[in-house]
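# An overview of the molecular structure
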Amino acid sequence: MVSSSGSSRVDAESDFMRARRHQVLSSLAARLTGDTEDVVQAMSFDEVVDALGRRAEHYVGTKVIPLDAIVGSVDKVRDFDRRFRPTSAVSRQRWERLARASRTGEVIPPIDVYQIGDYYFVRDGHHRVSVARSLGVTLIEARITAIDTLLTPVGIDSRSALELKFWRRLMLQRVPFVGEARAAVAVDDPADYGEIAEAVEAWAARTMHAEGAYMDPGTMAARWYAEEFSPVVAMIEEAGVRGKDERPAAAFLRVACERYRLIREHEWNAEVMQAVKKGSKKR
């Protein structure tokens, strides 16, 4: 419960100092525990859109949204942390003016936000969000513009997650997997997505040369998944060479690399898999 001294000016000053104190302590704790800047800085709208890929946008209208769902900013990521506490005293007067207005019941206009999935990013109204959170408000009125993205906007709470999304998007632009294949070809190391794209394109080049026919990207993705990835993953499982927590796509890349190191061939059969299995044990 936010206390009141009876003076809106004194209370607003106290509100700001409390918000700054909490931000400083949170930042210090993050540094001491080795957490990254994800904890102490608002998410960047541009970084998220770059990672997920922008498909389209449309205006939703004015709605009441939860303040906890507002996680980032369009252009003030360094001015506020993830909980929208001010990171400096640069705009203290403006912040306190809004705090006084809020405490005295003045009408506060809606903020403007972009919506990506369940997340909101502030276009205009950063100080209004900051003051509202400081005063313990849970909901705020906002004018919403929704952004449709190429990748599903889930699991984007950190920069490492955004990096993984970014490289996955680039891979899918080169190799447009759909349906079951899209879900199956997933890895945890961003660099692996580049290797997958190169493996698919190299396989397609060999196949087109052998067949003397062109393969469009969609056909390439579908055929590689059906003719190369799925059968090989089945062989990996049968041979028992997939790690306990290793994803199928990561196992495919590792075994394919080991296979080529051992026999310098692109063929797959039981003998090859046994050679890979023995080779892996020796290393």
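Now for a look at the structure at hand. (Residues numbered from 1 in each chain as written. Predicted model: local features only at pLDDT ≥ 70, side-chain atom pairs only at ≥ 80, totals over all residues. Heavy atoms only, no water.)

The next thing to look at is the overall build of the protein. Secondary structure assignment for the protein yields 10 helices and 6 strands. Residues counted as buried form 43% of the 283 residues belonging to the protein. Across the protein, the fraction of contacts at a sequence separation of at least 24, relative to all contacts at a separation of at least 6, is 70%. Per element, the accessible surface of the protein, about 15300 Å² overall, is 52% carbon and sulfur. (Helix = DSSP H or I, 4+ residues; strand = E, 2+ residues; numbered from the N terminus. Buried < 20%, exposed > 50% of the residue type's maximum accessible area, 1.4 Å probe, protein only. Contact = heavy atoms within 4.5 Å. Areas by Shrake-Rupley, 256 points an atom, 1.4 Å probe, with all protein chains shown as cover.)

Throughout the structure, instances matching the rule amount to 15 salt bridges. Put simply, D68 and R133 hold a salt bridge, and the shortest N to O gap is 2.8 Å. Of this pair, D68 sits in the loop between β2 (54-66) and β3 (70-73) while R133 is found in helix α4 (residues 126-134), placing the two residues 65 residues apart along the sequence. Ionic pairing is found between R247 and D188, a salt bridge with its closest N-O pair at 3.3 Å. Taken together, the residues R247 in the loop between α8 (217-239) and α9 (248-263) and D188 in the loop between α6 (179-184) and α7 (190-211) connect sequence positions 59 residues apart. Among the charged side chains, a network of salt bridges with common partners joins D15, R18 and R103. (Salt bridge = Lys/Arg side-chain N within 4 Å of Asp/Glu carboxyl O.)

Right, let's get into the sheet that holds strand β6 (residues 139-149). With mixed pairing, 6 strands are arranged side by side in an open sheet as β1-β3-β5-β4-β6-β2. Of all the strands in the sheet, just β1 (43-44) and β2 have a single pairing partner and so form its edges. Sheet analysis places β3 next to strand β5 (residues 119-124), joined by 3 bridges and oriented parallel. Paired with G72 across the bridge in β5 is F121. (Pairing = 2+ DSSP bridges.)

The end-to-end C-alpha distance of helix α3 (residues 92-103) is 16 Å, a good match for the 16 Å that 12 residues give at a rise of 1.5 Å each. G105 lies just past α3 and shows a positive phi near 85 degrees. (Expected span 1.5 Å × (residues − 1).)

Let us look at the side chain of T207. Assignment of secondary structure puts T207 in helix α7. Its relative accessible area of 12% is what places T207 among the buried residues. A polar contact is formed between the side chain of T207 and the backbone oxygen of W203, at a distance of 2.8 Å. Among residues more than four places away in sequence, those in contact with T207 are M215 and R223. (Polar contact = N/O pair within 3.5 Å; in protein donor to acceptor, adjacent residues only side chain to side chain.)

Now for the pairing of β5. Sheet topology note: the strand β4 (residues 111-116)/β5 ladder contains 5 bridges and is antiparallel. For V113, the partnering residue across the bridge sits in β5 and is V122. The hairpin formed by β4 and β5 contains 2 residues between the paired strands, and G117 there has a positive phi angle of roughly 65 degrees.

Bringing the nonpolar core into the picture now. The nonpolar side chains of soluble globular proteins are, as a tendency, buried together. In this structure, M171, F177 and I196 are the most contacted members of the largest nonpolar core, which totals 47 residues. At the level of elements, α2 (45-52), β4, β5, α5 (159-174), α7, α8 and α9 are the ones that each hand at least two residues to this core. Each residue touching F177, except ones within four places of it in the same chain, is listed here: M171, L172, R182, V185, I196, V200, A221, W224 and Y225. Among the nonpolar cores identified, the runner-up in size contains 15 residues, and I111, V113, V129 and I144 belong to it. (Core = buried A, V, L, I, M, F, W, Y, C linked by side-chain atoms within 4.5 Å.)

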